[in-house]
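# Survey of secondary and tertiary structure
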Amino acid sequence: MAPSAVTQALQKLEQYVGVTLIMRTTRRMYFTPKGEQFLYHCRSILGKIEEALDHVNQNGPLRGTIRFTATNDFGRTRLPLIIDEFLELHPQIKVDLHLSDGVVDLIGERFDFAIRTGPLVDSEFKARRLMSQKRYVCAAPIYWANNGKPTHPRELLQHNCLVLARPNASQSEWHFIEQGKSFAVKISGNRLANDGGVLRQWAINGAGVVVKGEFDIEEDLKAGRLECMLTSFTHQLINLYAVYPGHRPSPNRVLAMIDFIVDRLKV
């Protein structure tokens, strides 16, 4: 729609409900408190309609949009083919995929689910484990040749480590296990990014050392672009989850896609 048509439709809506829903300035627009309340209730109504359609159409074809988010590397390396196969089976489905390594607001950003690592810490959400994977310390062979290969994690203090940035904090502590006990090494380096794919590419280019999940780098390992070190210290498994809101039933299409991802990751 043209911006002018959107403006006209919003004006008609505000006249109908009798309150200002969105404040508009020359620089930005933002919801008024009444607008946020109205949006919340409208989404709730639409959710109930969707739930009703799902209930009466359980044996019919899946339809509608699935909006979800995944980590950058996993979203680029593993999801495209899985999504292709799912859409072939369900041609009335649309996928809206957003890649991010940061924390997302599932409710506020209207995501059906998120694919993330780590334990579930918010009881408002449910989580289903998709897979478990090892994490490896790796770098390009040329980097190891020029800088030496570490034999213990604490030797990483002398290496240029590539750090994943998170909102309000970077992942500058890497965790290891020695003789059954876990410990952390506070690493540092001259490159920090909020995109794991960028860190992976820097590592391939010989810029430094990175920690990556095995499925993110399996092709790089096979091709010799990356080489792992300290494997005897990094044998703990990292879980990958599909996280979704627990306060309302998820549509059948969403649950079907999560089931499909779990099934395809087993192959």
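Just so we're clear, the structure is a prediction, and the values are computed from it rather than from any experiment.

This part is about the confidence of the model for the protein. Summing up the model confidence of the protein, the mean pLDDT is 87 and the portion of residues at 70 or higher is 93%. When mean pLDDT is taken per element in the protein, helix H5 (residues 141-147) scores highest with 97 and strand E8 (residues 169-170) scores lowest with 54.

Let's shift gears to the pattern of salt bridges. Under the definition given, this model contains eleven salt bridges. Here Asp96 and Arg67 are joined by a salt bridge, their closest N and O atoms 3.0 Å apart. Taken together, the residues span a long stretch of sequence, with Asp96 in strand E4 (residues 93-99) and Arg67 in strand E3 (residues 64-70) at a distance of 29 residues. On the accessibility criterion, Asp96 (25% relative accessible area) is partly exposed. The closest approach of N and O atoms between Glu218 and Arg78, which form a salt bridge, is 2.8 Å. Placement of the pair is Glu218 in helix H7 (residues 214-223) and Arg78 in the loop between helix H3 (72-77) and helix H4 (79-89), with a sequence separation of 140 residues. Judged by its relative accessible area of 17%, Arg78 falls in the buried class. Here the salt bridges share partners, and the residues they tie into one network are Arg200, Asp220 and Arg225.

Per the stated rule, a full pass over the model turns up zero disulfides. The thiol of Cys161 is unpaired, and the distance to the nearest cysteine sulfur, on Cys138, comes to 11 Å. We note that Cys228 lacks a disulfide partner, and the nearest cysteine sulfur, in Cys138, lies 5.1 Å from it.

Now for the nonpolar core. The biggest cluster of nonpolar side chains holds 24 residues, and the ones touching the most others in it are Ile66, Phe68, Leu79, Phe113, Ile115, Leu130 and Ile261. Counting residues per element, the ones that place at least two in this core are E3, H4, strand E5 (113-117), strand E6 (125-139), strand E14 (237-245) and helix H8 (252-265). The element contributing the most residues to this core is H8, with seven residues. With residues up to four places along the chain from it excluded, the contact list for Leu79 reads Phe68, Ala70, Phe74, Leu97, Ile115 and Ile261.

With that out of the way, let us pick up the environment of Gly180. With respect to the helices, strands and loops of the structure, Gly180 is situated in the loop between strand E9 (173-178) and strand E10 (181-186). The spacing of Gly180 and Ala52 is 128 residues in sequence and 51 Å in space, taken between C-alpha atoms.

This part is about the packing of aromatic side chains. Tallying each qualifying case throughout the model produces four aromatic pairs. Over the aromatic face of Phe111 sits the side chain of Arg67, whose NZ or CZ is 4.5 Å from the ring centroid. Its guanidinium or amino end placed over the ring of Trp202, Arg191 lies 5.3 Å from that ring's centre, counting from NZ or CZ.

Turning next to a nonpolar patch on the surface. Taken together, Ile45, Leu46, Ile49, Leu53 and Val56 make up a surface patch of nonpolar side chains, about 520 Å² in accessible area. Looking at the element boundaries, Leu53 is found in helix H2 (residues 33-56). On the basis of relative accessible area, Leu53 is assigned to the exposed category, the value being 53%.

The next thing to look at is helix H1 (residues 3-17). If you check H1, its first and last C-alpha atoms are 21 Å apart, about what 15 residues at 1.5 Å a residue would give, namely 21 Å. Positive backbone phi, at 85 degrees, marks Gly18, one or two positions downstream of H1.

The rules we used
Residues numbered from 1 in each chain as written. Predicted model: local features only at pLDDT ≥ 70, side-chain atom pairs only at ≥ 80, totals over all residues. Heavy atoms only, no water. pLDDT = per-residue confidence, 0-100. Helix = DSSP H or I, 4+ residues; strand = E, 2+ residues; numbered from the N terminus. Salt bridge = Lys/Arg side-chain N within 4 Å of Asp/Glu carboxyl O. Buried < 20%, exposed > 50% of the residue type's maximum accessible area, 1.4 Å probe, protein only. Disulfide = S-S within 2.5 Å. Core = buried A, V, L, I, M, F, W, Y, C linked by side-chain atoms within 4.5 Å. Contact = heavy atoms within 4.5 Å. Phe/Tyr/Trp six-rings, centres within 6.5 Å; stacked < 30°, edge-to-face > 60°. Lys NZ or Arg CZ within 6 Å of the ring centre and 35° of its normal. Patch = residues over 30% accessible without salt bridge, like charges linked within 9 Å, V, L, I, M, F, W, Y side chains within 5 Å. Areas by Shrake-Rupley, 256 points an atom, 1.4 Å probe, with all protein chains shown as cover. Expected span 1.5 Å × (residues − 1).

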